[in-house]
Number of protein chains: 2
Amino acid sequence: MIKESTFAKFNKIKSNDFKTDFANRGMGLENDINLANNYYRINDIAYVYKKPTPIKLVDVDYKKGIIKKAYFETPSTTDYNGIYNGKYIDFEAKETTSKTSFSLSNIHKHQINHLINVKNKGAISFIIVRFTTLGETYYLSTENLECFIKNNERKSIPVTFFREYGTMIKIKYSPRIDYIEIINKLYFGGNNYDEKKKQNCQQTCK
Amino acid sequence: MIKESTFAKFNKIKSNDFKTDFANRGMGLENDINLANNYYRINDIAYVYKKPTPIKLVDVDYKKGIIKKAYFETPSTTDYNGIYNGKYIDFEAKETTSKTSFSLSNIHKHQINHLINVKNKGAISFIIVRFTTLGETYYLSTENLECFIKNNERKSIPVTFFREYGTMIKIKYSPRIDYIEIINKLYFGGNNYDEKKKQNCQQTCK
């Protein structure tokens, strides 16, 4: 079973166990990323924030300033964006309990388009996927995500693809998920690390 | 009277005319900016979005996916961010009915700090202020906003400061508020346009 996003969840509520599922929903990864972002801000390394969940207001008591009825909306963009080292950063983070693959249905099509659009404008954009059962977390650049989508019929990305074309994020003490370290290696290390992976990916996918 | 942000409003509800105020709250400028952002996206010029209003959930019917009680929270950052021409863009937009000045109480201190932090990391950050009674809208860079704050005791920025150190955004047909045109002039025109204004500002403020 693959864990879905909050928003997808709210759009597809079918069972009574939703509350339990919601309470446990991806808090591990989300929490790790929030802590990393706090760490980056405190140390003046990067300014990356999680965007609030978009809400459709239905009934608001304006006198008291209380929202009395509202619905969760599907987000237009990704969950996280900000700035590091002069570059615009944009990413989505997801967890899956699958041991073999990550279903693309976890990310809305317009979110993938958003990642591609900002990447084409010069952003460092990517996804972070945690295979909770395997205990493995990967950084996958939008370049390689796009490469996979363009060259594959299947709707899920095998974990082997992440291992080959993504970068494993090893759990550290602080911050636990140091995705900026990966960005440094990929974009500021001067060795075109990701470019090589991208070229390999494109050659393999053909 | 200076119009306050939604969030400030919700934190300071004192009068019965709040509903009316809320309905008219800055929709002109906000609407203009949203239309501009749509225009930029459709034409693949820039990807800038308004962040959703942060909400504190109090009571949610998880089975039905309905929020039954919630409060508006103070946003950690600014309303708008995104990417243009490889640069991270970040700004806040406000309206005032004052004919003479813009009160800094309209922008939370942590929002100003955020603008300064991202500017220091290489962002193009700024505020857009519309003097509704005067029918004038200004782009003011965070550099010059910071210059004003550091060198002035007063808590409101005179319109004359905007005229001298900001850039007027003239209303066009489409998009009505073309702030990217200003950014082009300031940062991509090759004439250090804003650098001159900044230097003048610093000299004057001393």
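Residues numbered from 1 in each chain as written. Chains lettered and ligands numbered in written order. Predicted model: local features only at pLDDT ≥ 70, side-chain atom pairs only at ≥ 80, totals over all residues.

A. Molecular detail of the interface of chain A and chain B. The interface of chain A with chain B comprises 33 residues on the first partner and 33 residues on the second. Counting residues per element, the ones that place at least two in the side of chain A that touches chain B are helix H2 (18-24), strand E1 (46-50), strand E3 (66-72), strand E4 (80-84) and helix H4 (109-120) of chain A. The element that contributes the greatest number of residues to the side of chain A that touches chain B is E3(A), accounting for seven residues. Per-class residue counts for the side of chain A that touches chain B are 19 nonpolar, eight polar and six charged. Bridge count between E3(A) and strand E3 (residues 66-72) of chain B: four bridges; the pairing is antiparallel. Along E3(B), the bridge assignment pairs Ile67(A) with Ala70(B). (Contact = placed C-beta atoms within 7 Å. Helix = DSSP H or I, 4+ residues; strand = E, 2+ residues; numbered from the N terminus. Nonpolar A, V, L, I, M, F, W, Y, C, P; charged D, E, K, R; others polar. Pairing = 2+ DSSP bridges.)

B. Summary view of the sheet that holds E4(A). All names here are of chain A. Spatially, the six strands line up as an open sheet ordered E1-E4-E5-E7-E8-E10, and their pairing is mixed. Looking at strand neighbours, the two that pair on one side only are E1 and strand E10 (167-168), the edges of this open sheet. Alignment of E4 against strand E5 (residues 87-96), held across five bridges, turns out to be antiparallel. Among the inter-strand pairings, Tyr84 is bridged to a residue of E5, identified as Lys87. Relative to strand E8 (residues 136-141), helix H5 (residues 142-151) is tilted by about 85 degrees, and along the sheet it contacts strand E7 (124-131) and E8. (Axes fitted to C-alpha atoms, helices over the stretch in contact; angles between N-to-C directions.)

C. Quick look at the pairing of E8(A). Residues and elements named next belong to chain A. Of all six residues making up E8, five are buried, and the element is well covered by its neighbours. Counting the residues that bridge the hairpin from E7 to E8 gives four residues, and of these Gly135 lies at a positive phi of roughly 70 degrees. Two elements, E8 and E10, share two bridges in a ladder whose sense is antiparallel. Following the sheet pairing, Tyr138 is matched in E10 by Met168. (Buried ≥ 20, exposed ≤ 12 C-beta atoms within 10 Å, placed from the backbone.)

D. Local environment of the relation of the copies chain A and chain B. Least-squares fitting of chain A to chain B yields an RMSD of 0.1 Å, with the superposition described by an axial translation of 0.1 Å and a rotation of 180 degrees. These values place the two chain copies in the arrangement generated by a two-fold rotation axis. The share of interface residues of chain A whose copies in chain B are also at the interface is 100%, consistent with both copies meeting through the same surface. (Least-squares fit on C-alpha atoms with pLDDT ≥ 70 in both.)

E. Representation of the packing of H4(A) against H5(A) within the structure. Residue and element names in this part refer to chain A. Where H4 contacts H5, the two axes come as close as 10 Å, and the packing angle between them is 125 degrees. Viewed along their axes, H4 and H5 adopt a mutual orientation that is oblique. Pair H4 / H5 crosses with left-handed handedness. On the side of H4, the interface is formed by Leu115, Ile116 and Lys119, while H5 contributes Thr142, Glu143 and Glu146. Here the residues of the contact of H4 with H5 sort into two nonpolar, one polar and three charged. (Parallel < 35°, antiparallel > 145°, perpendicular 65-115°, else oblique. Left-handed = near helix turned anticlockwise from the far one by under 90°.)

F. Representation of the pairing of E7(A). All names here are of chain A. The buried count for E7 comes to seven of eight residues, which makes it a mostly enclosed element. Bridge count between E5 and E7: eight bridges; the pairing is parallel. Across the sheet, residue Ala93 finds its bridge partner in E7, namely Ile128.

G. Local environment of helix H7 (residues 179-187) of chain B. Regarding H7(B), the residues found buried are Tyr179(B), Ile180(B), Ile182(B), Ile183(B) and Leu186(B). The buried side chains of H7(B) occupy one side of the element, clustering within an arc of 150 degrees when seen end-on. (Arc of directions from axis to C-beta.)

H. Focus on the confidence of the model for chain A. All names here are of chain A. Chain-level pLDDT for chain A is 85 on average; 79% of the residues reach the 70-or-more range. Here H2 stands out as the least confident element of chain A, with mean pLDDT 39; E7 is the most confident, with 98. In the predicted structure, residues 1-26 sits below a pLDDT of 50 and forms 32 contacts with residues beyond four places in sequence or in another chain. This prediction of the complex comes with two scores: 0.83 for pTM and 0.82 for ipTM. (pLDDT = per-residue confidence, 0-100.)

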